[in-house]
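# Analysis of the macromolecular model
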Amino acid sequence: MIDTHSHIYDEAYDADFSEVLQRAKDAGVEKMVMPGIDSKCHGRMMEFTRRLEGYAYPAIGLHPTSVESNWKEELQFVWDNYREGEFVAVGEIALDEYWSKDFLEEQKRVFEDQLTFAWEKDLPVIIHSRNATEDIFECLDRVGRPVRGVFHAFSGSYETYCRIKKSYEGFKIGVGGVLTYKNSHLAAFMDRVPLDDILLETDAPWLTPVPFRGKRNESSYIRYTAEKLSELKGVSFEETDSVTTANAIKMFGI
Ligand SMILES: [Zn+2]
């Protein structure tokens, strides 16, 4: 399996990083993608890129919750630190209207500039969407380029999934621990989503699946999401693993 969204470089793992990494490997996580956040997190992420060469691959991008009054410098940091061949995606980017709408216009501008950047560099984007689905579609439409990528931690309806399929062909949905929650609305329509459209992810250290919900998440727990997905789709674990892994390899070129 490939964990397509792991903040393995987060300070949450400072105390037991080697064990966490070993458990991920033991659970069958062959590779992972590390999403970028902002200039503050970048140095640590790159340190882990070197430490985990050939295992953890970094993305670069300005996260919507880090879009504040210094957004121009932060965006410039992305352009300045991008190096050809080093990053597998632009992300995580897009809009967060849950935490704050204070800089919503700036969030949109930053998102659209990064969409264009990703298109120019032929990189996929990792979309962070919180209470912002309609505005994100509007930004994608305004940019008007055939950008590809993933709606990370997808939490939309079946109708939203269908809209993505219809209008934004190059996109897949990222499915993680939320799928395992009791009364998950995602679980109710997963039988109608082909495995081909799904990337597995954890968003570790957040969004921990059952049976560890409420505790710190880690990449090895991706197994619980894969099991749940297999059960909902009525396919074997091996099939879920092989199809979603192939999707991740194709999307991120890793
Ligand atoms: Zn994330």
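Quick note: structure is the one above.
The structure reproduced in this document is the subject of the present report. Here the structure is a predicted model, which means the values were calculated and not measured. (Residues numbered from 1 in each chain as written. Predicted model: local features only at pLDDT ≥ 70, side-chain atom pairs only at ≥ 80, totals over all residues. Heavy atoms only, no water.)

Strand order in the open sheet formed by five strands is S4-S5-S6-S7-S8, with parallel pairing between adjacent strands. Here the strands that pair on one side only, and so sit at the sheet edges, are strand S4 (90-96) and strand S8 (198-200). If you compare each strand with its neighbour and ignore which way they point, the axes differ by 30 degrees on average. Where S4 and strand S5 (residues 125-130) come together, six bridges link them in parallel fashion. The partner of Gly91 across the bridge, within S5, is Ile126. Packed onto the sheet, helix H4 (residues 104-121) meets S4 and S5 and runs at close to 150 degrees relative to S4. (Pairing = 2+ DSSP bridges. Helix = DSSP H or I, 4+ residues; strand = E, 2+ residues; numbered from the N terminus. Axes fitted to C-alpha atoms, helices over the stretch in contact; angles between N-to-C directions. Contact = heavy atoms within 4.5 Å.)

Here the idea is plain: a probe the size of a water molecule rolls over the atoms and shows the empty space left. Its volume calculated, the largest pocket comes out at about 810 Å³. As for the largest pocket, its lining consists of 38 residues, of which His128, Ser129, Arg130, Ala153 and Leu207 are closest to the centre. At the level of secondary structure, the elements contributing two or more residues to the lining of the largest pocket comprise S4, S5 and strand S7 (171-175). The residue makeup of the lining of the largest pocket, split by class, is 14 nonpolar, 18 polar and six charged. Here the second largest pocket defines a volume of roughly 260 Å³. Lining the second largest pocket are 14 residues, and of these Glu169, Gly170, Lys172, Lys250 and Met251 lie nearest its centre. Every element with two or more residues in the lining of the second largest pocket is listed here: helix H6 (158-167), S7 and helix H8 (237-252). The element contributing the most residues to the lining of the second largest pocket is H8, with four residues. (1 Å grid on protein atoms, 1.4 Å probe; cavity = no way out; pocket = protein on both sides within 12 Å on 5 of 7 lines; lining within 4 Å. Points joined across faces, edges and corners; volume = space filled by probe spheres on them. Nonpolar A, V, L, I, M, F, W, Y, C, P; charged D, E, K, R; others polar.)

So, about the packing of helix H5 (residues 133-143) against H6. Following both chains from N to C, one finds H5 and H6 inclined at 5 degrees, their axes separated by 12 Å at the closest point. As summarised for this structure, H5 and H6 are arranged roughly parallel, according to the angle between their axes. Of the residues in H6, those in contact with Thr133, Glu134 and Phe137 of H5 are Thr160, Arg163 and Ile164. Residue classes in the contact of H5 with H6 are distributed as two nonpolar, two polar and two charged. (Parallel < 35°, antiparallel > 145°, perpendicular 65-115°, else oblique.)

Since one α-helical turn is 3.6 residues long, residues separated by three or four positions face the same way. With 18 residues, H4 extends 25 Å between its outermost C-alpha atoms, agreeing within 8% with the 26 Å of an ideal straight helix rising 1.5 Å per residue. All of the buried residues along H4 are Leu104, Gln107, Lys108, Val110, Phe111, Glu112, Gln114, Leu115, Phe117 and Ala118. On its buried side, H4 packs onto helix H3 (71-81), S4, S5 and H5. (Expected span 1.5 Å × (residues − 1). Buried < 20%, exposed > 50% of the residue type's maximum accessible area, 1.4 Å probe, protein only.)

Taken together, S4, H4 and S5 form a β-α-β motif whose crossover is right-handed. Of the strand pairs in this sheet, S5 and strand S6 (residues 149-151) are connected by three bridges, and their pairing is parallel. Residue pairing for S6: Ile127 is matched across the bridge by Phe151. The parallel pair S5 and S6, bridged by H5, forms a crossover whose chirality is right-handed. (Right-handed = clockwise from strand over helix to strand, strands pointing away.)

Six octahedrally arranged donors around a metal ideally form angles of 90 or 180 degrees; four tetrahedrally arranged donors ideally form angles of 109.5 degrees. The zinc ion binds to the protein through His5 (NE2), His7 (NE2), Glu92 (OE) and Asp203 (OD); the donor distances cover 2.1 to 2.6 Å. One can describe the donor arrangement at the zinc ion as irregular, given that its four donor atoms subtend angles of 87 to 174 degrees at the metal. We note that the donor set of the zinc ion lies within a single chain, spaced as H-x1-H-x84-E-x110-D. Linking Glu92 in strand S4 with Asp203 in the loop between S8 and helix H7 (222-233), this pair joins segments that are 111 residues apart in sequence. (Donors = N, O, S within 2.8 Å, 3.2 Å for Na, K, Ca; no water. Tetrahedral: all angles 85-135°; square planar, octahedral: opposite > 155°, others 65-115°.)

Attention now goes to the pairing of S7. Of all five residues that make up S7, four are buried, and the element is covered over most of its length. Of the pairings in the sheet, the one linking S6 to S7 comprises three bridges and is parallel in character. When the sheet's bridge partners are listed, Gly149 is paired in S7 with Phe171. Between S6 and its parallel partner S7, the chain crosses via H6, and the hand of that crossover is right-handed. Pairing between S7 and S8: three bridges, direction parallel. Bridge assignment links Ile173 to a residue of S8, and that residue is Ile198.

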